[in-house]
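Residues per chain are reported as follows:
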Amino acid sequence: MINNILTPRRLVVGGGSIEQLPQVLAQLGIKRPLLVADPNLVRLGLSTRVESVLRDAGVSYTLFTDVVEDPTDACVNAASAAIVEGDHDGVIGFGGGSAIDTAKAAAVVATLRQPIRSLMVPRIVDEAAMPVVAIPTTAGTGSEVTRACVVTDSASHEKMLILGMSCLPAAAVVDFEFTLSCPFRVTADTGLDALTHALEALVNRNRNPHADAFALSALRLIGAHLETACFEPANRAAREAMMLGATHAGLAVSNTSTALVHGMSRPIGAFFHVPHGLSNAMLLAAVTEFSAPAAPAPYAAAARALGWAKESDAETDAVAALIAGFHRLNSVLKVPTPAAFGIDKTRYFELRTTMATQALQSGTPANNPRLATEQDIEAIYAAAWVD
Ligand SMILES: [Fe+2]
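Residues numbered from 1 in each chain as written. Predicted model: local features only at pLDDT ≥ 70, side-chain atom pairs only at ≥ 80, totals over all residues. Heavy atoms only, no water.

Novice: Help me out: how do you make sense of the overall build of the protein chain in this one?
Specialist: For the protein chain, the count of helices and strands is 16 helices and eight strands. Relative to the globule expectation of 21 Å for 387 residues, the C-alpha radius of gyration of the protein chain, 20 Å, shows essentially globular dimensions. Structurally, the protein chain occupies a C-alpha span of about 60 × 45 × 45 Å along its principal axes. Contacts spanning at least 24 positions in sequence make up 77% of the contacts within the protein chain whose residues lie at least 6 apart. Accessible surface computed for the protein chain: about 14,700 Å², of which carbon and sulfur atoms make up 55%. Each charge sign in the protein chain was given a centre, from 28 positive and 37 negative side chains, and these centres are 3 Å apart. (Helix = DSSP H or I, 4+ residues; strand = E, 2+ residues; numbered from the N terminus. Rg over C-alpha atoms; globule rule 2.2 N^0.38 Å. Contact = heavy atoms within 4.5 Å. Areas by Shrake-Rupley, 256 points an atom, 1.4 Å probe, with all protein chains shown as cover. Lys, Arg positive; Asp, Glu negative; His and termini not counted. Charge placed at Lys NZ, Arg CZ, Asp CG, Glu CD.)

Novice: What's the story with helix H6 (residues 184-202) in this structure? I'm lost.
Specialist: Residues spaced three or four apart along an α-helix face the same direction, because each turn holds 3.6 residues. In this model H6 runs 27 Å from its N-terminal to its C-terminal C-alpha over 19 residues, within 8% of the 27 Å that 1.5 Å per residue would give. Within H6, 16 of the 19 residues are buried, which leaves it mostly tucked inside the rest of the structure. (Expected span 1.5 Å × (residues − 1). Buried < 20%, exposed > 50% of the residue type's maximum accessible area, 1.4 Å probe, protein only.)

Novice: Help me understand the coordination of the iron ion in this model?
Specialist: Ideal geometry at a metal centre: 109.5 degrees between donors when four sit tetrahedrally, and 90 or 180 degrees when six sit octahedrally. Protein-derived ligands of the iron ion are Asp193 (OD), His197 (NE2), His262 (NE2) and His276 (NE2), with the metal-ligand distances lying across 2.2 Å. Around the iron ion, the four donor atoms sit at angles spanning 84 to 170 degrees, and that spread fits a shape best called irregular. Sequence spacing of the donor residues for the iron ion, all on one chain, is D-x3-H-x64-H-x13-H. Separated by 14 residues along the polypeptide, His262 in helix H9 (residues 260-272) and His276 in helix H10 (residues 276-291) bring together distant segments of the chain. Classification of His262 as buried rests on a relative accessible area of 3%. (Donors = N, O, S within 2.8 Å, 3.2 Å for Na, K, Ca; no water. Tetrahedral: all angles 85-135°; square planar, octahedral: opposite > 155°, others 65-115°.)

Novice: Looking at this structure, I do not really get the environment of Ala172. What am I missing?
Specialist: Checked against the element boundaries, Ala172 lands in strand E8 (residues 171-174). A relative accessible area of 0% places Ala172 in the buried class. Spatially, the C-alpha atoms of Ala172 and Arg239 are 17 Å apart, while their sequence positions differ by 67 residues. What Ala172 contacts, discounting residues up to four positions off in sequence, is Arg10, Leu11, Val12, Ala134 and Glu144.

Novice: Looking at this model, I keep getting lost on unusual backbone geometry. Mind explaining?
Specialist: Glycine aside, negative phi is the norm for most residues, and most peptide bonds take the trans geometry. Omega for the peptide link from Val121 to Pro122 comes to 15 degrees, which places this bond in the cis form. With respect to the element layout, Pro122 can be found in the loop between helix H5 (97-112) and strand E5 (132-136). In this structure, His157 is a non-glycine residue whose phi angle is positive, near 65 degrees. Relative to the helices and strands, His157 is located in the loop between strand E6 (148-152) and strand E7 (159-163). By relative accessible area, His157 is classed as partly exposed at 37%.

Novice: So what exactly am I meant to see when it comes to the sheet that holds strand E2 (residues 33-37) here?
Specialist: Strand pairing within a sheet occurs via backbone hydrogen bonds; the two strands may be parallel or antiparallel. Within the open sheet, the six strands sit side by side as E1-E8-E5-E4-E2-E3. Their pairing is parallel. Edge positions in the open sheet fall to strand E1 (10-13) and strand E3 (62-64), since each of these has one partner strand only. Neighbour to neighbour, the strand axes of the sheet diverge by 15 degrees on average, direction disregarded. Direction of pairing for E2 relative to E3: parallel, over a ladder of three bridges. (Pairing = 2+ DSSP bridges. Axes fitted to C-alpha atoms, helices over the stretch in contact; angles between N-to-C directions.)

Novice: Honestly, the side chain of Ser291 in this entry has me stumped. Any pointers?
Specialist: In this structure, Ser291 sits in helix H10. Looking at Ser291, its side chain comes within polar contact range of the side chain of Asn368, at 2.9 Å. Here Ser291 is in contact with Leu260, Tyr299, Asn368, Pro369 and Arg370, once residues within four sequence places are set aside. (Polar contact = N/O pair within 3.5 Å; in protein donor to acceptor, adjacent residues only side chain to side chain.)

Novice: Explain H5 here, please?
Specialist: Here H5 is 16 residues long and its end C-alpha atoms lie 22 Å apart, about the 22 Å a rise of 1.5 Å per residue gives. Most of H5 sits out of view: 15 of its 16 residues are buried. Immediately beyond the C-terminal end of H5, within one or two residues, lies Arg113, with a positive phi of roughly 55 degrees.

Novice: I would appreciate a short explanation of the pairing of E2 in the present structure.
Specialist: Consecutive side chains of a regular strand alternate in pointing toward one face of the sheet and then the other. Burial analysis of E2 places five of its five residues in the buried class, which makes it a mostly covered element. One ladder, built from five bridges, connects E2 with strand E4 (residues 90-95); its direction is parallel. Residue pairing in the sheet places Pro33 in a bridge with Gly90 of E4.

Novice: What am I meant to see in the packing of aromatic side chains here?
Specialist: To describe a pair of aromatic rings, you give the distance between the ring centres and the angle between the ring planes. Enumeration according to the criterion identifies eight aromatic pairs in this entry. Considering the side-chain rings of Tyr348 and Trp385, the 4.9 Å spacing of their centres and the 45 degrees angle between planes classify their relative orientation as tilted. Linking Tyr348 in helix H14 (residues 345-350) with Trp385 in the segment after helix H16 (374-384), this pair joins segments that are 37 residues apart in sequence. With respect to burial, Tyr348 and Trp385 carry one shared label: buried. Seen from their ring centres, Phe349 and Trp385 are 6.0 Å apart, and the 70 degrees between their planes marks the pair as edge-to-face. Taken as a pair, Phe349 in helix H14 and Trp385 in the segment after H16 lie far apart in primary sequence, 36 residues in all. Note on Trp385: relative accessible area 9%, which makes it buried. Among the aromatic residues, those joined into a cluster by ring pairs are Phe272, Tyr348, Phe349, Tyr381 and Trp385. The cationic tip of Arg370 hangs over the ring face of Phe290; the distance from NZ or CZ to the ring centre is 3.9 Å. (Phe/Tyr/Trp six-rings, centres within 6.5 Å; stacked < 30°, edge-to-face > 60°. Lys NZ or Arg CZ within 6 Å of the ring centre and 35° of its normal.)

Interpretation in functional terms is not warranted from these geometric data alone.
This is how it looks when you write it as structure tokens:
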């Protein structure tokens, strides 16, 4: 079997690594970057660290902050237009998944000059695109090392998945110090997203030994440190471990794929504006219950890596501990049920068929160890509803 492993050309990992940004840009030949930053981080003053590093090194950059949560085609097109108008030769994405995905998608659109919808899966976009340097400020999406980005269609609310080497950042600066001020809810939601990436990589039909190593590393780090990072936000060791865990989960998922949880999670996010990590967390237990009988070994391995089962535990016991662990973790991390989040039950059940169709169309359920029909997916949406 031949494995193709894709990673950014350079990863700078560690506290204070932002100081190396000018060197990274110089190596990539980027002289005039567009700095795409989350406006909330700019308001909180977090971007001043990046901007002062750039200014001190004499790098001429333009700041772009029209980034929205769950980036839309309009937002990506605006960033792309800014790249073209400013004659920029590279893009820096600074923030959580939304800012980094905006930077990646805008760089692809500005290079290829094609509409976003034409780039979405099943097309694989491998053409050379202008370089992106990703600087994550959450320990979660792993977008800094993945070849995927998600853009929401403003008209249909559909979440379009864009996949391929064009979306892989040329470099990432992974500095956990940016996460020290990350609030509880964001730390929990993004950490749960990273956990989902590692799990879906490990159980994936495209799993391979390289991605397995990163997925297991991610699960060990996340299992040991997620709760501490949430409840002791200034704990540097926990923040550092979570940042590394999220990056390893990103490397695992980028070199396999997501599966049924992500496929089903995107429509919930799109229709009900549930943050991505939360909609994953709402589905984790129900999807695992459905899927694990088809591949108990990797699910048991996940339970052991998370520290929720012992090496000596039987496979079936480890799988049961994994499902119980997801319920426990959701409760500890105060993940709301769909109802508690404010989702209208009638509308949720009305939209089940549409959501199931969109989930299947996204392609990722095809990577699940147990293949789900549209009826199966509707049943899992129902099982994930808690009155
Ligand atoms: Fe995700």
